[in-house]
Amino acid sequence: MTGAPLALDGVGKRFGQVLVADHLSLTVGAGELLGIVGPNGAGKTTLFAMISGDVRPDAGEITLAGRPITALAPAARTRLGIGRTYQIPRPFEHMTVFENVLTGAVHGARLGHAQARESALRVLALTGLLGFANQPAGRLNLLARKRLEVARALATGPSVLLLDEVAGGLTDPEVDELLEIVGALRAEGLTVLWIEHVVHALLRSVDRLVCLAAGALIADGAPAAVMADRTVREVYLGANVRGVPT
């Protein structure tokens with residue numbers, strides 16, 4: 001397949017009278033780390049839901065490496081290379097950390113047993129979870145749950161990874177640990193889209209930043225330039241944005 005790893009062309013979505021995606025067009029390059037910011041209700045998570053297949057857009061087209069995926073089910077998109085985390089981690093709590101990740105490797109990446117074990121162990125090492133491998137997921141603290149959420153997505157073998165507020169609720173030292181994992185993902189060559197309200201984490205890591213408001217793309221460019229944009233600052237006025245100088 002050819003083309004950009006991920007592209008949206010004129011994507012639109014309404015829930016009743018609420019417009020959550022207003023003819024969005026966006027292209028993400030190979031190996032790019034793209035940050036996404038915007039106030040609550042801007043349409044950020046709905047954007048991820050449309051990319052992953054959890055929500056069907058009303059208009060427009062989404063392509064993965066040049067292949068239209070707009071009509072595909074979530075499982076088919078996973079097999080083609082889209083991995084996603086969720087704001088609230090929901091692991092299989094009575095399974096071990098290793099078993100959670102192994103499940104993604106078997107059912108997402110469709111690896112055989114031996115390959116799936118090898119892949120799961122590699123992902124656990126990448127996300128700093130090897131020491132928790134035999135621990136039930138339900139006993140993990142928030143940071144470890146966030147790591148496991150990333151690990152479960154990685155186990156499916158994505159080429160495009162969607163991170164949805166994985167730094168939310170973490171302390172600054174914990175955010176630093178998370179950024180080490182994000183750096184490792186960059187070294188793996190993954191294309192990453194990252195929604196985050198902990199903006200200083202994005203400013204320290206992403207190549208490019210976009211801002212959504214009321215379902216529309218209002219800024220796109222270098223992270224510092226986007227955060228200095230007057231319209232972006234007006235949109236954020238009164239919002240909970242950590243780590244942005246005024």
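What comes next is a walk through the structure. (Residues numbered from 1 in each chain as written. Predicted model: local features only at pLDDT ≥ 70, side-chain atom pairs only at ≥ 80, totals over all residues. Heavy atoms only, no water.)

Another aspect to go through is the packing of helix α3 (residues 97-108) against helix α5 (residues 142-154). Think of two packed helices as two axes; the pair is described by the angle between the axes and how far apart they sit. Between α3 and α5, whose axes approach to 7 Å, the crossing angle comes to 30 degrees. It follows from the interaxial angle that α3 and α5 lie roughly parallel. Residues Val97, Asn100 and Val101 of α3 touch α5, and the partners they reach there are Leu148, Ala151 and Arg152. For the contact of α3 with α5, the class distribution of residues is four nonpolar, one polar and one charged. (Axes fitted to C-alpha atoms, helices over the stretch in contact; angles between N-to-C directions. Helix = DSSP H or I, 4+ residues; strand = E, 2+ residues; numbered from the N terminus. Parallel < 35°, antiparallel > 145°, perpendicular 65-115°, else oblique. Contact = heavy atoms within 4.5 Å. Nonpolar A, V, L, I, M, F, W, Y, C, P; charged D, E, K, R; others polar.)

Another aspect to go through is helix α6 (residues 172-187). A rise of 1.5 Å per residue sets the reference length of α6, with its 16 residues, at 22 Å; its end C-alpha atoms lie 23 Å apart and thus fit the reference within 8%. Residues of α6 that are buried: Val175, Leu178, Leu179, Ile181, Val182 and Leu185. Taken around the axis of α6, the buried residues stretch over an arc of 160 degrees, which confines them to a single face. Set apart from the buried face of α6 by more than 90 degrees, the exposed residues are Pro173, Glu180 and Ala187. Its buried side turned inward, α6 meets β3 (33-37), α4 (113-126), α5, β7 (160-164), β8 (191-195) and α7 (199-203). (Expected span 1.5 Å × (residues − 1). Buried < 20%, exposed > 50% of the residue type's maximum accessible area, 1.4 Å probe, protein only. Arc of directions from axis to C-beta.)

Applying the stated criterion across every chain yields a total of zero aromatic pairs. Residue placement shows Arg152 over the ring face of Phe92; its charged tip is 5.4 Å from the ring centre. (Phe/Tyr/Trp six-rings, centres within 6.5 Å; stacked < 30°, edge-to-face > 60°. Lys NZ or Arg CZ within 6 Å of the ring centre and 35° of its normal.)

Hydrogen bonds along the backbone pair up the strands of a sheet, which may run parallel or antiparallel. With mixed pairing, six strands are arranged side by side in an open sheet as β6-β7-β8-β3-β9-β10. Taken across any chain shown, the strands that pair with only one partner, and hence form the sheet edges, are β6 (82-84) and β10 (216-221). The average undirected angle you get between the axes of adjacent strands in this sheet is 20 degrees. α6 rests against β3, β7 and β8 of the sheet, and its axis sits at about 150 degrees to β8. (Pairing = 2+ DSSP bridges.)

For Ala65, which is not glycine, the phi torsion reads 50 degrees and is therefore positive. Checked against the element boundaries, Ala65 lands in the loop between β4 (59-64) and β5 (67-68). Note on Ala65: relative accessible area 19%, which makes it buried.

Quick look at the sheet that holds β5 now. Strand order in the open sheet formed by four strands is β2-β1-β4-β5, and the pairing between neighbours is antiparallel. Edge positions in the sheet fall to β2 (18-28) and β5, since each has one partner strand and no second. One ladder, built from seven bridges, connects strand β1 (residues 6-15) with β2; its direction is antiparallel. Opposite Phe15, over in β2, you have Val18 as the bridge partner. Each of β1, β2 and β4 is contacted by helix α1 (residues 44-52), which is oriented at about 115 degrees to β1, the strand it contacts most.

Next up on the list: the nonpolar core. Ranked by internal contacts, the top residues of the largest apolar core, which has 48 residues, are Val37, Val101, Leu148, Leu161, Leu163 and Trp194. Examining the composition of this core, we find that seven residues originate from one element, α5, more than from any other. Beyond its immediate stretch of four places on either side in the chain, Leu161 contacts Gly83, Arg84, Ala153, Leu154, Leu185, Leu190, Thr191, Val192 and Leu193. Leu24, Ile36, Val55 and Ile195 belong to the second-largest nonpolar core, a separate cluster that totals 26 residues. (Core = buried A, V, L, I, M, F, W, Y, C linked by side-chain atoms within 4.5 Å.)

Relative to each other, α5 and α6 sit at 15 degrees, their axes nearing to 10 Å. In this view, α5 runs roughly parallel relative to α6, as classed from their interaxial angle. Seen along the crossing, α5 lies across α6 with a hand that is right-handed. On the side of α5, the interface is formed by Leu143, Arg147, Val150 and Leu154, while α6 contributes Glu174, Glu177, Ile181 and Leu185. Here the residues of the contact of α5 with α6 are counted per class, giving five nonpolar, no polar and three charged. (Left-handed = near helix turned anticlockwise from the far one by under 90°.)

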